[in-house]
Amino acid sequence: MAKANPARICPVAAFQKMISGKYKLRIVWDLKDGPRRYGEIRSGLLRGTEGSAEITPRVLSRELKALTQSGLIDRKDFGEVPPKVEYRLTRKGKSFVPVVAAIRDWGDRHLTETATLVDAAE
């Protein structure tokens, strides 16, 4: 039986911590098609939401900063006035896109069915 290394962090727990947050997966998914500016990311997050859900600038900035610190995205500041900043996936971020695609596919298969059953029960 293999002994657990107490100094090693569980990869699942580390992964969960890296992607925790309401918008991180959706940001990565939106960036799969190429670089986006802050406003484009924000409007992309608001697409497909129900009700009056809106992401605050503070929350979006925090999510983008965390994704940058984790190495999934890169922030490019053009040093212009007004500020122009673009976000793009890094190599690490691009390698993560198939994982998000698998989550999306799983959701299409299983959660759509659950939502239909809940709606029918109400």
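Placed above this text is the structure.
About the criteria used
Residues numbered from 1 in each chain as written. Predicted model: local features only at pLDDT ≥ 70, side-chain atom pairs only at ≥ 80, totals over all residues. Heavy atoms only, no water. Phe/Tyr/Trp six-rings, centres within 6.5 Å; stacked < 30°, edge-to-face > 60°. Helix = DSSP H or I, 4+ residues; strand = E, 2+ residues; numbered from the N terminus. Lys NZ or Arg CZ within 6 Å of the ring centre and 35° of its normal. Buried < 20%, exposed > 50% of the residue type's maximum accessible area, 1.4 Å probe, protein only. Pairing = 2+ DSSP bridges.

Asks: For this particular structure, what's the right way to read the packing of aromatic side chains?
Replies: Between two aromatic rings, the relevant description is the distance of the centres plus the angle of the planes. Taken as a whole, this structure holds one aromatic pair when the rule is applied. Taking the centre distance of 5.6 Å and the plane angle of 65 degrees together, the rings of F15 and F96 count as edge-to-face. Of the two residues, F15 sits in helix α1 (residues 11-19) while F96 sits in helix α5 (residues 91-121), which places them 81 residues apart along the sequence. The ring of W29 has K32 sitting right over it, with the charged end atom 4.3 Å from the ring centre. Of note, K84 hangs over the ring of F78, and the distance from its end group to the ring centre comes to 4.4 Å.

Asks: It is not clear to me how the pairing of strand β3 (residues 85-89) should be interpreted in this structure. Could you clarify?
Replies: Along a regular strand, successive side chains alternate from one face of the sheet to the other. Where burial is concerned, most of β3 is hidden: four out of the five residues are buried. Strand direction decides the pairing type here: strand β1 (residues 36-37) and β3, joined by two bridges, are antiparallel. Within β3, the residue paired with R36 across the bridge is Y87. Relative to β3, strand β2 (residues 73-77) is paired through five bridges, and the arrangement is antiparallel. Considered in β3, the bridge of I73 is made with L89.

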